[in-house]
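This is what each chain is made of:
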Amino acid sequence: MRTQFFLITILMQLELIVILPTDAFFSSWFARTPRTLVRREVPSLQDVMDEAVLRRAEIDEERERVRRERRNAMGSYAGYGDEENEMDAPHLTREELEESKRKSLVMTQLLDSIFNNYDMYIRPGFQESEPLLVESNMVLTSMGPFSDFEAEFTFQCFFRHFWRDKRLAFEDRLTQLVGDQGDSGGGLGDGGVGSNETIETLMLNSIMLSRVWKPDTFFRGNGQNSYIHDITRPNQLFRLNRKGEINFSTRLTISARCPMDFSNFPMDEQECIVEFGSFGYDNSQIVYRWREQSDKAITIEADDLRLSQFQFRYHEYSSRNISYASGNYSTLTIKFNFRRNVGYFIMQTYLPCMMIVVLSWVAFWINREAAPARISLGITTVLTMTTFAISSRQQIPKVSYPSAMDWFVLMCYFFVFFALVEYAAVNYFTKRSEAGKAPPAQKVGSPPAAKKPRLSSNQCDRWNCTMYTPHSQHDFPVEAEHCRDADYDQEHESGPGQGGTGYGGQNGIEGEGRGGNQMQGMGWNSGTAEMSRDEDEPPFEDMNSFFIRFVVCLCGSVQYKTYKLDHITTQFNSVSHIDELCRVAFPAMFMLFNVFYWSIYFPKD
């Protein structure tokens, strides 16, 4: 009985050795055998049979897994089925299922024959003198985002490569496999892979790409954080032609640097260049070339690539050779042109700046005596423009040259600033009549001019300097300086024998003028009613040039000031001639500046 058990054990071991397909199971089985012999324990027949069934199930499962991987790599070409079709399509007959299995077997054998003795580390045609031609094209699916501060832009595309690997041509292999199937009596039928129907292209799974040589394409110079999409599986496409032509497509998101020029910001146009080629093979090994489809090497999938700040205008593509220390390399170049949308900046910067400039002109219509109103308006507009100038520079990187927006904001700042300075000029160059000044000279024999009424100190105190003069066409309050002059006259009043008079009358209007000494101090001769003029005093009446009068006034000439005081005819609440001039000059110059500015910087198609 013991001898029979040993014989059965030896036979089972020999059977398992024959049916085991891999070294893993072979080594695993013999790894257990010595332990069994060392223990000198004889397994029972039932244990041996159970273990043999278990091993056979593991072998079948392993074979099924390998077959399933091959079918997945082969894809779903031409409706080739597998054993799962029996569950998915119960209406198929048994003959049709067998036909599908035979087709799958042919494809499995075809793939095994293609990749048998194939070296993926050697480029195609390495033994030939001609370089390998790699053609490329691209389909743009989206564009953006676009970063000014990082000088970087991003786009998404389907990046395609086309090349030929003669080692993967399967035309002769397929013919041989079909012939072997026919000789074995297992014909594939009329709809199978036979003489009536041939396989032009194998649509393989991306898993097979790991077994195929691929060009080492990379983005030169400006390539940043680019990546391949892998949700839910790697977004890659692999097509193999019967002549060995390969179509390899990948869905990429590419981020590239884009050197920008902000001289015309925000009416600028930016050109961004993307360049790619082989990393390790020079142009004696690999040559890149654009492959045009429908006369286009770059296709835009979307009808309009919309960006938040830019408008995609056009693209250009070309090829060239680049020289490095390691050799000359073939590259392909894409140039994208973008134009910035100016609408946001018009609403955010340009229109507010224009409104602030126009607001500063309101001061030209405000009475020149209202100093607080005009000063506060001018300072407010200047500070607001300062804030706009600072905020406008924060919208672009810190460049050392001015942009178009900087020039506009700067000119608006100048207009606002000079509107404030204009009021200082109004106060400096505009002279008002002062109480107590000498009256204008009169001709001999002419009737004396009516003297301005002046209040006495008592009437000033009683009426609080609010009496209105009856001789003016426009009533105006008597200023406090009239009161001060009245007090002065009372203190220096002379007697009747000295030529002076006091204040008399019930209405408080003064009589004669002041004493002779005071009149001489004001420039009057004691014997005449005319004002004496120095012989070297320039004839200001003959100055018709505005520039000469401006220079003389700016130099602070006392004689010119005296002359202007003698000839002033303006009244209170009158309009300055400078204000009248600025009401026209400032808007005209600002409109001229805008015409000049927008004609230069506004984009032209």
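As shown above, the structure is provided for reference.
Source: prediction; values computed, not measured. Numbering of residues starts from 1 in every chain and runs along the sequence as written. A pLDDT threshold of at least 70 governs which residues receive local features in this predicted model, and a stricter bar of 80 or more applies before side-chain atom pairs are shown or counted, although totals over entire chains, interfaces and linings include all residues. Side-chain figures throughout are based on the complete set of non-hydrogen atoms in the structure, without hydrogens or water.

Quick notes on the overall build of the protein chain
Counting its secondary structure elements, the protein chain contains 15 helices and 12 strands. Burial classes follow relative accessibility: with a 1.4 Å probe on protein chains only, a residue under 20% of its type's maximum area counts as buried, one over 50% as exposed, and anything between as partly exposed. Counting every position in the protein chain, which comprises 605 residues, the buried fraction comes to 35%. By definition in these notes, contact holds between two residues if any of their heavy atoms fall within 4.5 Å. Sequence separation of 24 or more characterises 75% of the internal contacts of the protein chain that already satisfy a separation of 6 or more. Helix numbering and strand numbering both begin at the N terminus, where a helix is a DSSP run of H or I of at least 4 residues and a strand a DSSP run of E of at least 2.

Digging into the state of the cysteines
Whenever a pair of cysteine sulfur atoms sits within 2.5 Å, that pair is classed as a disulfide. Across all of its chains, the model carries one disulfide by this definition. Here Cys-258 engages in a disulfide with Cys-272; their sulfurs sit 2.0 Å apart. Residues Cys-258 and Cys-272 are joined by a disulfide whose S-S torsion is about -80°; by sign, that bridge is left-handed. Pair noted here: Cys-258 is in the loop between β7 (245-257) and β8 (269-278) and Cys-272 is in strand β8, with a separation of 14 residues, a long-range link.

Considering unusual backbone geometry
Gly-144 connects to Pro-145 through a cis peptide bond whose omega is 10°. Mapped onto the secondary structure, Pro-145 falls in strand β1 (residues 132-147). The omega torsion across Phe-265 and Pro-266 is 5°, close enough to zero to call that bond cis. A positive phi angle is found at Asn-117, which is not glycine, with a value near 65°. Topologically, Asn-117 is positioned in the loop between α5 (94-114) and β1. Overall, the relative accessible area of 76% leaves Asn-117 in the exposed class. Phi angles above zero are rare outside glycine, and Ala-151 is one such case at about 55°.

Some remarks on the side chain of Asn-594
Looking at where Asn-594 falls in the secondary structure, it is placed in helix α15 (residues 577-601). Assessed through its relative accessible area of 11%, Asn-594 is described here as buried. The contact partners of Asn-594, leaving out residues within four places of it in the chain, are Met-354 and Phe-408.

Quick word on the sheet that holds strand β12 (residues 327-340)
For sheets, the rule is that strands pair by backbone hydrogen bonds, running either parallel or antiparallel. If you trace the four strands from one edge of the open sheet to the other, you get β4-β8-β12-β11, paired in antiparallel fashion. One side of each edge strand has no neighbouring strand; the edge strands of this open sheet are β4 (217-219) and β11 (310-324). Ignoring which end each strand starts from, the neighbouring axes of this sheet average 20° apart. A pair of strands counts as paired when DSSP detects no fewer than two bridges linking them. Here, axes are lines fitted to C-alpha atoms. For helices the fit covers the stretch in contact, and angles between N-to-C directions go from 0 to 180 degrees.

Looking at the nonpolar core
Met-143, Phe-153, Phe-155, Leu-202, Phe-336 and Phe-338 are the most contacted members of the largest nonpolar core, which has 85 residues in total. Among the elements that take part in this core, helix α9 (residues 404-429) stands out by supplying eight residues, more than any other. Grouping buried Ala, Val, Leu, Ile, Met, Phe, Trp, Tyr and Cys residues that are joined through side-chain atoms within 4.5 Å yields what is termed a nonpolar core.

Quick notes on the packing of helix α8 (residues 371-393) against α9
Between α8 and α9, the shortest axis-to-axis distance is 9 Å and the interhelical angle comes to 165°. Judged on the interaxial angle alone, α9 and α8 are roughly antiparallel. Note on packing geometry: the crossing formed by α8 with α9 is left-handed. When grouped by side-chain class, the residues that make up the contact of α8 with α9 number 15 nonpolar, four polar and four charged. Just so you know how the angles are binned, under 35 degrees is roughly parallel, over 145 roughly antiparallel, 65 to 115 roughly perpendicular, and the rest oblique. Crossing handedness is read from the near helix: turned anticlockwise from the far helix by less than a right angle, it gives a left-handed crossing, and turned clockwise, a right-handed one. For this classification, Asp, Glu, Lys and Arg are treated as charged, while Ala, Val, Leu, Ile, Met, Phe, Trp, Tyr, Cys and Pro are nonpolar and the rest, including Gly, are polar.

Quick notes on the pattern of salt bridges
Within this document, salt bridges are pairs made up of a side-chain nitrogen of Lys or Arg and a carboxyl oxygen of Asp or Glu, the two lying within 4 Å of each other. Considering all chains together, one arrives at 17 salt bridges under this definition. The partner of Lys-166 in a salt bridge is Glu-128, and the shortest N-O contact between them spans 3.3 Å. Of this pair, Lys-166 sits in the loop between β2 (152-164) and α6 (171-183) while Glu-128 sits in the loop between α5 and β1, and the two are 38 residues apart along the sequence. Its relative accessible area of 52% is what places Lys-166 among the exposed residues. Among the salt bridges present, the one from Arg-374 reaches Asp-579, with a minimum N-O distance of 3.0 Å. Note that Arg-374 is positioned in helix α8 and Asp-579 in helix α15, a separation of 205 residues in sequence. Among the charged side chains, a salt-bridge network with shared partners connects Glu-135, Arg-289 and Arg-291.

Concerning α15
Expected helix span is given by 1.5 Å per residue-to-residue step, counting one fewer step than there are residues. Over its 25 residues, α15 runs 36 Å from end to end, which matches the ideal 36 Å to within 8%, given 1.5 Å per residue. What is called the bend at a residue is the angle between a pair of axes, fitted to the seven residues leading up to and ending at it and to the seven starting from it. At Arg-583, α15 is bent by approximately 25°, the largest bend along its length, and proline Pro-587 sits one to four residues beyond. Turning to α15, its buried residues are Asp-579, Cys-582, Phe-586, Pro-587, Phe-590, Phe-593, Asn-594, Tyr-597 and Tyr-601. For α15, the elements touching its buried residues are α7 (343-360), α8 and α9.

Considering the packing of aromatic side chains
By convention, a stacked pair of Phe, Tyr or Trp rings (six-membered ring in the case of Trp) has centres within 6.5 Å and planes under 30 degrees apart, an edge-to-face pair has planes over 60 apart, and any other such pair is tilted. Within this structure, the stated rule accounts for 43 aromatic pairs. When the ring of Phe-408 is compared with that of Trp-598, the centres are 6.3 Å apart and the planes differ by 55°; the resulting orientation is tilted. In this pair, Phe-408 is assigned in helix α9 and Trp-598 in helix α15, connecting sequence segments 190 residues apart. Given the relative accessible area of 0%, Phe-408 is considered buried. For the ring pair Phe-414 and Phe-418, a centre distance of 6.4 Å and an interplane angle of 55° mean the geometry is tilted. Separated by four residues within a single helix, Phe-414 and Phe-418 lie in helix α9, roughly one turn from each other.

Spatial relationships are all this shows, so hold off on functional conclusions.
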